[in-house]
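Descriptive structure summary
Residue-level listing of the chains:
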There are 4 protein chains.
Amino acid sequence: MSDTKKVVLAYSGGLDTSVILKWLQDEYACEVVTFTADLGQGEEVEPAREKAKSLGIKEIYIDDLREEFVRDYVFPMFRANAIYEGEYLLGTSIARPLIAKRLIQIANETGADAVSHGATGKGNDQVRFELGAYALRPDIKIIAPWREWDLNSRQKLLAYAEKHGIPVEMKKGKASPYSMDANLLHISYEGGILEDPWSEPEDDMWRWSVSPEAAPDQATYIELTYVKGDIVAIDGVPRSPAEVLTQLNKVGGDNGIGRLDIVENRYVGMKSRGCYETPGGTIMLRAHRAIESLTLDREVAHLKDELMPRYATLIYNGYWWSPERELLQTMIDQSQLSVNGKVKLKLYKGNVDVVGRMSDTDSLFDEAIATFEDDEGAYNQKDAEGFIKLNALRMRIAAKRLK
Amino acid sequence: MSDTKKVVLAYSGGLDTSVILKWLQDEYACEVVTFTADLGQGEEVEPAREKAKSLGIKEIYIDDLREEFVRDYVFPMFRANAIYEGEYLLGTSIARPLIAKRLIQIANETGADAVSHGATGKGNDQVRFELGAYALRPDIKIIAPWREWDLNSRQKLLAYAEKHGIPVEMKKGKASPYSMDANLLHISYEGGILEDPWSEPEDDMWRWSVSPEAAPDQATYIELTYVKGDIVAIDGVPRSPAEVLTQLNKVGGDNGIGRLDIVENRYVGMKSRGCYETPGGTIMLRAHRAIESLTLDREVAHLKDELMPRYATLIYNGYWWSPERELLQTMIDQSQLSVNGKVKLKLYKGNVDVVGRMSDTDSLFDEAIATFEDDEGAYNQKDAEGFIKLNALRMRIAAKRLK
Amino acid sequence: MSDTKKVVLAYSGGLDTSVILKWLQDEYACEVVTFTADLGQGEEVEPAREKAKSLGIKEIYIDDLREEFVRDYVFPMFRANAIYEGEYLLGTSIARPLIAKRLIQIANETGADAVSHGATGKGNDQVRFELGAYALRPDIKIIAPWREWDLNSRQKLLAYAEKHGIPVEMKKGKASPYSMDANLLHISYEGGILEDPWSEPEDDMWRWSVSPEAAPDQATYIELTYVKGDIVAIDGVPRSPAEVLTQLNKVGGDNGIGRLDIVENRYVGMKSRGCYETPGGTIMLRAHRAIESLTLDREVAHLKDELMPRYATLIYNGYWWSPERELLQTMIDQSQLSVNGKVKLKLYKGNVDVVGRMSDTDSLFDEAIATFEDDEGAYNQKDAEGFIKLNALRMRIAAKRLK
Amino acid sequence: MSDTKKVVLAYSGGLDTSVILKWLQDEYACEVVTFTADLGQGEEVEPAREKAKSLGIKEIYIDDLREEFVRDYVFPMFRANAIYEGEYLLGTSIARPLIAKRLIQIANETGADAVSHGATGKGNDQVRFELGAYALRPDIKIIAPWREWDLNSRQKLLAYAEKHGIPVEMKKGKASPYSMDANLLHISYEGGILEDPWSEPEDDMWRWSVSPEAAPDQATYIELTYVKGDIVAIDGVPRSPAEVLTQLNKVGGDNGIGRLDIVENRYVGMKSRGCYETPGGTIMLRAHRAIESLTLDREVAHLKDELMPRYATLIYNGYWWSPERELLQTMIDQSQLSVNGKVKLKLYKGNVDVVGRMSDTDSLFDEAIATFEDDEGAYNQKDAEGFIKLNALRMRIAAKRLK
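Naming follows an unreviewed UniProt entry, where chain A appears as Argininosuccinate synthase of Methyloprofundus sedimenti. As recorded by UniProt, the Pathway (unreviewed entry) comment attached to chain A reads in full: "Amino-acid biosynthesis; L-arginine biosynthesis; L-arginine from L-ornithine and carbamoyl phosphate: step 2/3."

Okay, structure coming up:
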């Protein structure tokens, strides 16, 4: 095991990855480079620097990746209206490929021959990190301590930390009984009482949104401007990608929007229960479908809908960096050239209602033809007869055979 | 045109189909049989009998089809989690095949050689009626007056009615500016100010649900019992299919659930704006996905998700009676054999939240494996390494080539 | 009907379109522009000029479109490995969009307000011409004489020709009992005894290929060079697209390759029997799959395979100029960037056998890993255990439940 | 490793599995049950009995599974027109699930707690055996010696055999340089010079078919009778499933039919080169498509075509016993109820040509409508205009927008 010389660790600064850091130094006798990313998880990343230094780390990377995350990962995914298993907005899944990419970039810059992460051997995240890493650098060595060591309980971790002088800064207040993950797109909860799918989570589990009950009694209206399928302005004010998502999280969370409680199928083969808060993403999905409803051709929209589950599954399973995801993205992005215009939304106590959509340049809604009033010949109703007759022909021939 | 001897008319008793009735008698000089169905649209059907009699009709069919409608059309469709274009629950679409079937049955019983309906030449309903009719009786003659006559405005219809002594009973109160259709699954609104997709409908348009704002401040909890993918009991009380939908419409509508405002793509080629209220259906979709999340195999669920848009489009386009819809149904129904159990829901001001799901007999949720705690060897985390490595192999080979 | 001023006619110079020409002049009292294309059908196009002149036409377009046809239509289609209903190489279908495009271009150049063609109301070609024309110029008027007139037999056509002084140059020899269509990709036969699907066509029906029985007793080997999915050289000699197809037709036809006899489903709703000779195309399909087998990622190849039937159906049904075909093409073309290399083929009495494929730059075939010999650690066989175990996990959990 | 008490071994009687047998006895100190199946591989299975006895085996299973193999595995697969990656008829893949099933049945009968096979850790077969075994008995222990031991060359195997007194009966003649697998559906070749995809195999590699060059100069005609998608008679003579395939292999092989040389994508991630002889299967695929072309509805056929690649991939990857394969099979089998009739084929030097197809009961070919002659009103050509206009509408609206 000692042929590993330098390893880049995805380092949060928390207990688990601090123990991993120390364990890598001891077990692999190798140099460790730490990488800590601000993906909008809502916690300071700078403290990780001091912590890493105190553990003897010399090469410390701390990156603010929020704009890149939303611009190059979240937005492209929302162009596809991606939902996994009819419900899940892929909040955790979409952050992993960016982390994998930075791990490899840093490994290349620092001459490291390995990368390491704190994901367990039961979940999807290990797959997402590692498929990305292998795709971007096929000879990389990957160290997944949770699959190797025997520190498989919190007690053992704490004991290890104490023995090796790792500072254990307890968070204020009661420790959460849930396993959580957060980034600008969402925060997730697993474990604890959620392991019984019949149990409703307590209301104090949720952190990013108020409950619909606690949300304001007045609705909030917002207007989103789309260019090529992406939001570029809110209420007429231009916003960068990360600003868009930050602001939508705020207004969504304030209005009790975006809570989800599901049982999902993991790529590694078991079902698991997860709860998610995705305030901004919930708004974005609804609004994007609305602007597409006006500006996308019917068959293009249907083709996208039929391929969406596959695209979502690729992201869920960790195949962001695969050629098949890239190919689908090429097609999805091409479809968005005409997705320009505005959507008006009403937000109220957990509801996101589309109340208007328009596009000066790309609307395919033809009022002259659609009208219930006299259309002055724009549409010839008699055409429908032939349309129906030929569409029915094969069924008529079949029915005649049966007589 | 005079070789038509007897025609079965889908007759609501309202102005439009009364004019059609008279027009058929005059233009085609043929006998007319009327068929009026109670599909749960919420209006009395018996008055149609007197009206038909007064217009000289001798063969009058008035059927209560509510149980058949929900059991054989709505429930099978919900087994598929069918949604058209990501939003629409197909409330109008799913009633048409049943009407088409009854029209043909009655034509066969009464020796009629033609059927007729009141759908216009611009919409989807003409297609749904006629594809069904042709599939079930290939030699049937179909008369679609809206595609033939020149009574293309309300004024002309009223003039025709007056001239021919057709009683025009004005409904109480202001006439609705919208074109509406209703059955047990939903009520729809089109036309009027909805023809501008940027206009928000006034709140008094909606008829089946209170607004979320007006809904109770206390949540309502319900528990649905599933057998083979269908709801058979609410809060432990056995219910017939039509009872299920009636009760869910009530509780859903009371809690402000099920309003939808979309732009959709019609089969005949144009986009149109529609608003829908589907209180019970909105609850059913959410709950069905929840019970499936526990009891369906992952790949079966994904296969269903990938085929769903196509299945939904078949129903939207009027292909219920096609062999391809029947084939997909065979597969969908087969998948539901294990979809047994209970779902607990919280209904609150427009929100439908799943808060629990369980299945004594068919749960595939294995707590022993899924747990974040020590699983005592139920799952070997080391297996994940090989799983990831072989899934990554093709990408690693490709990446090596590029070096 | 008299508001048409000028019409562009797709004119072959044969009897049918000459009658149409005259009929348009008489019935529509409009000016006629003729358009005759050399698509490699194997007949001279220049005689159409004199014929048109003799009928009083002033604007006569005669275009050699062979290179454009193969480069912009045939080659892109073969990048998708398109086959309709498992058998048909779409030879007729792929020529129609180019003709539609030229009809509209010429209409725009000559100020015409209508186009006309000689396809009947029963076939697919009318759809292909007209969907293309409408997509490229939405206000175009289309005149399809076969759907309008009553000259629905050869006798009536001849009588009309005689009456109006249209020269009827009988072809030498016996008239073919078949309806035929030809271009560089194929020649097709319909009608006559083929209308009985149990009848084998006589051997003298076929025109482009010798029978396998009559082909040489020695095999012919050829080597095709691919760049981005297209053939750019044969046996090392650079060739233009039309040269490629011309040469492959020659060598294929000489070796008895490319005959096909099928029953197909037309877009207008009936089944029809067709025979096709596609010598070059048959070789191209086989060879393209071979070069892809070496250079395409597995999942990309599978995605292409799953979408192919839909892509082929779009072309068959006449949707070349639709946004959904263009979207799929974007993805297909993107996939071909790595499809570079060579394929070696053996042609013998109707058989096309791939006997070698290579790619210096883009092969994903890794001999070090694939070998049955000792691979010196390139692949760790133990990884397979975890791969299988996690892929089996969901089935094991399900099976345990049943115990 | 010593907690395994009894293991059922898939035993061919050859060197490899004899070494495995002995190795299991030694390494696992467990009792071994042998299972040898006649799947039509063309070698005697009885000699395996003596060999097993001589190695001390007490429980010996030798089964003739040919009828079951063709009836329950090959035929259902051909109902789907399954081809992997456009070329491969899945000959090896389809035999594995039956072997897996019998291994588990025998384990259950004999009280064994493990099964073992001779597939390597690089190929697809290990996956197919093991996924099947796990799906049918989730707690089974699987021993895959090639993934465990270090006997990774022929020399080491022979040394082991000699050391342990395992009789090595050399086959007569030169040993094949290829790795081969055979059953009633096909024989496969891998390894040796095939590891270079540019090398053409020598003609003496092929064992089941003559070369097209050596095949008779006279064509052979055969007629196949289908009931519900399966062949039940050849030239009017009723045949059992295994008889059908045996006879088609004979006539196909005699006429040089069914050779294939491809590069394929293995499930475990690498590309490999394989050559296959599938004489009967090649005929069956062609003939099945022909009878379907007459008796299947267009949209049903297209749905089957779109799902086929996924179905074929499931079989290739070893998911025969998965719920998703079973679900697809339900649908495929349902589609075959109307696939009844006869197909006439011409076999000549490698070519399989369909020259006729008929169905007294289920033909959807309507000559009255399809005819090029006067159809006497069976089809109204004017219907096509409305059909085209409404199909074009969305494209016309889009094109108008661009003006």
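**A few points about the overall build of chain A**
Within chain A, the regular secondary structure consists of 13 helices and 14 strands. With respect to the three principal axes, the spread of C-alpha positions in chain A is 85 × 55 × 45 Å. Within the span of chain A, comprising 403 residues, buried residues form 67% of the whole. Partitioning the contacts of chain A with sequence separation of at least 6, the portion at a separation of at least 24 is 73%. Measuring between centres, the 50 positive side-chain charges of chain A sit 3 Å from its 64 negative side-chain charges.

**Some remarks on the packing of aromatic side chains**
For the structure shown, the criterion picks out 50 aromatic pairs over all chains. Ring geometry for Phe387(A) against Tyr267(B): centres 4.9 Å apart, planes inclined by 65 degrees, an arrangement best described as edge-to-face. One end of the pair, Phe387(A), is in helix α13 (residues 383-401); the other, Tyr267(B), is in the loop between β11 (259-265) and β12 (271-277), on a second chain. The residues Phe387(A) and Tyr267(B) share a single accessibility class, namely buried. Residues Tyr84(C) and Tyr316(C) carry aromatic rings whose centres are separated by 3.7 Å and whose planes lie at 10 degrees to one another, so their mutual orientation is stacked. On the criterion of sequence distance, the pair formed by Tyr84(C) in the loop between α3 (66-79) and α4 (96-110) and Tyr316(C) in helix α10 (residues 298-317) is long-range, its members being 232 residues apart. For Tyr84(C), a relative accessible area of 1% gives the class buried. By relative accessible area, Tyr316(C) is classed as buried at 0%.

**Structural notes on the sheet that holds strand β1 (residues 6-10) of chain C**
All names here are of chain C. Reading across from one edge, β3-β2-β1-β4-β5 is the order of the 5 strands in this open sheet, with parallel pairing throughout. What marks the edges here is a single partner per strand, and that holds for β3 (60-64) and β5 (141-143). Adjacent strand axes in the sheet meet at a mean angle of 20 degrees, parallel and antiparallel pairs treated alike. Packing of α4 onto the sheet brings it into contact with β1, β2 (31-38), β3 and β4 (114-116), and relative to β1 it is tilted by some 155 degrees.

**Points about the interface of chain A and chain B**
If you look at the interface, chain A gives 104 residues, while chain B gives 104 residues. Carbon and sulfur atoms supply 54% of the area buried between chain A and chain B, which totals about 9200 Å² over both sides. Among the residues of chain A in contact with chain B, Lys122(A), Trp198(A) and Lys271(A) are the three that bury the most area, contributing 9% of the side total. Our enumeration of links across chain A and chain B arrives at 8 salt bridges. Lys346(A) serves as the salt-bridge partner of Glu213(B), at 2.9 Å between the closest nitrogen and oxygen. Taken together, the links from chain A to chain B amount to 44 residue pairs in polar contact (both at pLDDT 80 or more). No other element matches the 12 residues that α13(A) contributes to the side of chain A that touches chain B.

**Points about the UniProt feature "binding site: ATP" (unreviewed entry) in chain A**
Residues and elements named next belong to chain A. Residues annotated by UniProt as "binding site: ATP" (unreviewed entry) correspond here to Ala10, Tyr11, Ser12, Gly13, Gly14, Leu15, Asp16, Thr17, Ser18, Ala37 and Gly118. Looking at the element boundaries, Leu15 is found in helix α1 (residues 15-27). In this structure, Leu15 is in contact with Arg154, Leu157, Leu158, Ala161 and Val168, ignoring residues within four places of it in sequence. Apart from the residues within four sequence positions on either side, Ala37 is in contact with Val45, Asp63 and Leu65.

**Re empty space enclosed by the protein**
Taken as a whole, the largest cavity spans an internal volume of roughly 950 Å³. Forming the walls of the largest cavity are 35 residues, and the residues nearest its centre are Glu299(A), Asn317(B), Thr313(C), Asn317(C) and Glu299(D). Taken together, the elements giving at least two residues each to the lining of the largest cavity come down to α10 (298-317) and α13 of chain A, α10 (298-317) and α11 (323-335) of chain B, α10 of chain C together with α10 (298-317) and α13 (383-402) of chain D. Along the lines of polarity and charge, the residues of the lining of the largest cavity split into 13 nonpolar, 9 polar and 13 charged. Roughly 260 Å³ of volume is contained in the second largest cavity. Lining the second largest cavity are 15 residues, with Glu306(A), Arg310(A), Glu306(B), Glu306(C) and Glu306(D) positioned closest to its centre. Elements represented by at least two residues in the lining of the second largest cavity include exactly α10 of chain A, α10 of chain B, α10 of chain C together with α10 of chain D. Residue composition of the lining of the second largest cavity, by class: 7 nonpolar, no polar and 8 charged.

**Side note on the domain arrangement of chain A**
Put simply, an interface is often sized by how much accessible area is lost when its parts join up. Residue and element names in this part refer to chain A. Each assigned domain of chain A is listed with its residue range as follows: domain 1 (6-65 + 93-164), domain 2 (179-358) and domain 3 (371-396). One C-alpha centre belongs to domain 1, the other to domain 2; they are set 28 Å apart. Tallying the contact residues gives 19 residues for domain 1 and 18 residues for domain 2. Each partner contributes to the roughly 1500 Å² buried at the junction of domain 1 and domain 2, and carbon and sulfur atoms together form 65% of this total. A salt bridge links Asp181 to Arg96; its shortest N-O distance comes to 3.3 Å. In this assembly, domain 1 and domain 2 are joined by 7 residue pairs in polar contact (both at pLDDT 80 or more). Elements represented by at least two residues in the side of domain 1 that touches domain 2 include exactly α4 (96-110) and α5 (125-136). It is α5 that contributes the most residues to the side of domain 1 that touches domain 2, 7 residues altogether. Tallied by class, the residues present in the side of domain 1 that touches domain 2 amount to 8 nonpolar, 7 polar and 4 charged.

**With respect to the packing of helix α4 (residues 96-110) of chain D against helix α5 (residues 125-136) of chain D**
Packed helices, taken two at a time, are described by the angle their axes make and the gap between the axes. Residue and element names in this part refer to chain D. Contact geometry of α4 with α5 gives a least axis separation of 8 Å together with a crossing angle of 45 degrees. It follows that α4 is oblique to α5 by the angle criterion. As α4 runs across α5, the sense of the crossing is right-handed. Contacts between α4 and α5 involve Arg96, Ile99, Ala100, Lys101 and Ile104 from the first element and Asp125, Arg128, Phe129, Gly132, Ala133 and Leu136 from the second. Residue composition of the contact of α4 with α5, by class: 6 nonpolar, 1 polar and 4 charged.

**Quick word on the relation of the copies chain C and chain A**
Superposition of chain C onto chain A requires a rotation of 180 degrees combined with a translation of 0.0 Å along the rotation axis, giving an RMSD of 0.0 Å. Viewed as a symmetry operation, the transformation between the two copies matches a two-fold axis. Considering only C-alpha atoms, the residue of chain C closest to the rotation axis is Met331(C), which sits at 2.7 Å.

**With respect to the relation of the copies chain A and chain B**
Superposing chain A onto chain B takes a rotation of 180 degrees plus a shift of 0.0 Å along the axis, which leaves an RMSD of 0.0 Å. Counting the interface residues of chain A, we find that 100% of their copies in chain B are interface residues as well, pointing to one common contact surface.

**What to know about the UniProt feature "binding site: L-citrulline" (unreviewed entry) in chain A**
Residues and elements named next belong to chain A. Taken from the UniProt record, the annotation "binding site: L-citrulline" (unreviewed entry) applies to Tyr88, Ser93, Asn124, Arg128, Ser179, Ser188, Glu264 and Tyr276. Relative to the elements of secondary structure, Tyr88 occurs in the loop between α3 (66-79) and α4. Note on Tyr88: relative accessible area 2%, which makes it buried. Aside from chain neighbours lying at most four places away, what touches Tyr88 is Ala82, Ile83, Ser93, His186, Leu260, Ile262, Glu264, Tyr276 and Tyr316. Looking at the element boundaries, Tyr276 is found in strand β12 (residues 271-277). Once you skip the residues sitting within four places of it in the chain, Tyr276 turns out to touch Tyr88, His186, Ile187, Ser188, Trp206, Gly258, Arg259, Leu260, Ile262 and Glu264.

**Details of helix α5 (residues 125-136) of chain B**
For α5(B), which comprises 12 residues, the first-to-last C-alpha distance of 17 Å matches the rise-based estimate of 16 Å (1.5 Å per residue) to within 8%. Among the 12 residues that make up α5(B), 11 are buried, leaving the element largely enclosed by the rest of the structure. On its buried face, α5(B) sits against α13 of chain A together with α4 (96-110), β4 (114-116), β5 (141-143), α6 (145-148) and α10 of chain B.

**Some remarks on the nonpolar core**
Membership of the largest hydrophobic core comes to 415 residues, with the highest contact counts inside it found for Phe69(A), Phe69(B), Phe69(C) and Phe69(D). When residues no more than four places from it in sequence are discounted, the contact partners of Phe69(A) are Leu39(A), Val74(A), Ile94(A), Ala95(A), Leu98(A), Asn183(A), Leu184(A) and Leu185(A).

**Points about the side chain of Asp230(C)**
Residues and elements named next belong to chain C. Looking at the element boundaries, Asp230 is found in strand β9 (residues 230-234). Looking at Asp230, the relative accessible area reads 15%, which means it is buried. Among all residues touching Asp230, those that are not within four sequence positions of it are Phe75, Arg79 and Thr225.

**Observations concerning the pairing of strand β1 (residues 6-10) of chain A**
Residue and element names in this part refer to chain A. Burial analysis of β1 places 5 of its 5 residues in the buried class, which makes it a mostly covered element. With burial as the criterion, each face of β1 is covered, one bearing Lys6, Val8 and Ala10 and the other bearing Val7 and Leu9. Looking at chain direction, β1 and strand β2 (residues 31-38) are connected through 5 bridges and run parallel. Along β2, the bridge assignment pairs Val8 with Val33. As for the winding sense of the linkage, the β-α-β connection from β1 through α1 to β2 is right-handed. Sheet analysis places β1 next to strand β4 (residues 114-116), joined by 3 bridges and oriented parallel. Within the sheet, the bridge partner assigned to Val8 lies in β4 and is Val115.

What counts and how
Within every chain, residues take consecutive numbers counted from 1 along the sequence as written. Chains and ligands are labelled sequentially in the order written, the chains with letters from A and the ligands with numbers from 1. Totals for whole chains, interfaces and linings use all residues, but because this is a predicted model, local features are given only for residues with pLDDT of at least 70 and pairs of side-chain atoms are given and counted only at 80 or more. Values reported for side chains reflect all heavy atoms of the structure, with hydrogen atoms and water molecules removed beforehand. UniProt positions are given in the numbering used here, feature names are shortened, and annotations may be inferred rather than shown by experiment. The helix count covers DSSP runs of H or I at least four residues long, the strand count covers runs of E at least two residues long, and both are numbered beginning at the N terminus. Working definition: with a 1.4 Å probe on protein chains only, accessible area under 20% of the residue-type maximum means buried, over 50% means exposed, and in between means partly exposed. Working rule for contacts: check all heavy atoms of both residues, and any pair within 4.5 Å makes them a contact. Positive charges are assigned to Lys and Arg, negative charges to Asp and Glu, while His and the chain termini are left out of the count. Here the site of a charge means NZ on Lys, CZ on Arg, CG on Asp, or CD on Glu. Pairing of aromatic rings covers Phe, Tyr and Trp, the last through its six-membered ring, and needs centres within 6.5 Å; plane angles under 30 degrees mean stacked, over 60 mean edge-to-face, and all others mean tilted. Each pair of strands is called paired provided DSSP finds at least two bridges between the two strands. In this analysis an axis means a line fitted to C-alpha atoms, helices contributing only their contacting stretch, and an angle means the value between N-to-C directions, from 0 to 180 degrees. Two parts placed together each lose some accessible area under a 1.4 Å probe, and the buried area is that loss summed for both. Salt bridges are counted wherever a side-chain nitrogen of Lys or Arg sits within 4 Å of a carboxyl oxygen of Asp or Glu. Under the rule applied, a polar contact is a pair of N or O atoms within 3.5 Å (in protein, one hydrogen donor and one hydrogen acceptor; residues adjacent in sequence only if both atoms are side-chain atoms). Here the term cavity refers to a set of points on a 1 Å grid, laid over the protein atoms alone, in which a 1.4 Å probe fits but cannot get out; the term pocket refers to an open set having protein on both sides within 12 Å along at least five of seven lines, with lining residues being those that place an atom within 4 Å of a point. Grid points are joined across faces, edges and corners, and a volume is the space filled by probe spheres set on the points. Each residue gets one label: Ala, Val, Leu, Ile, Met, Phe, Trp, Tyr, Cys and Pro are nonpolar, Asp, Glu, Lys and Arg are charged, and the others, such as Gly, are polar. Those domain boundaries reflect an automatic or database domain assignment. We call two directions roughly parallel when the angle between them is under 35 degrees, roughly antiparallel when it is over 145, roughly perpendicular when it lies between 65 and 115, and oblique otherwise. Here a crossing is taken to be left-handed if its near helix is turned anticlockwise relative to the far helix by less than a right angle, and right-handed if that turn runs clockwise. When the copies are superposed, the least-squares fit takes in the C-alpha atoms of residues with a pLDDT of at least 70 in both. Given a helix with a known number of residues, its expected span is that number minus one, times 1.5 Å. What makes a nonpolar core is a set of buried Ala, Val, Leu, Ile, Met, Phe, Trp, Tyr and Cys residues whose side-chain atoms join them at distances within 4.5 Å. A crossover gets the label right-handed when its path from the first strand over the helix to the second runs clockwise, viewed with the strands pointing away from the viewer.

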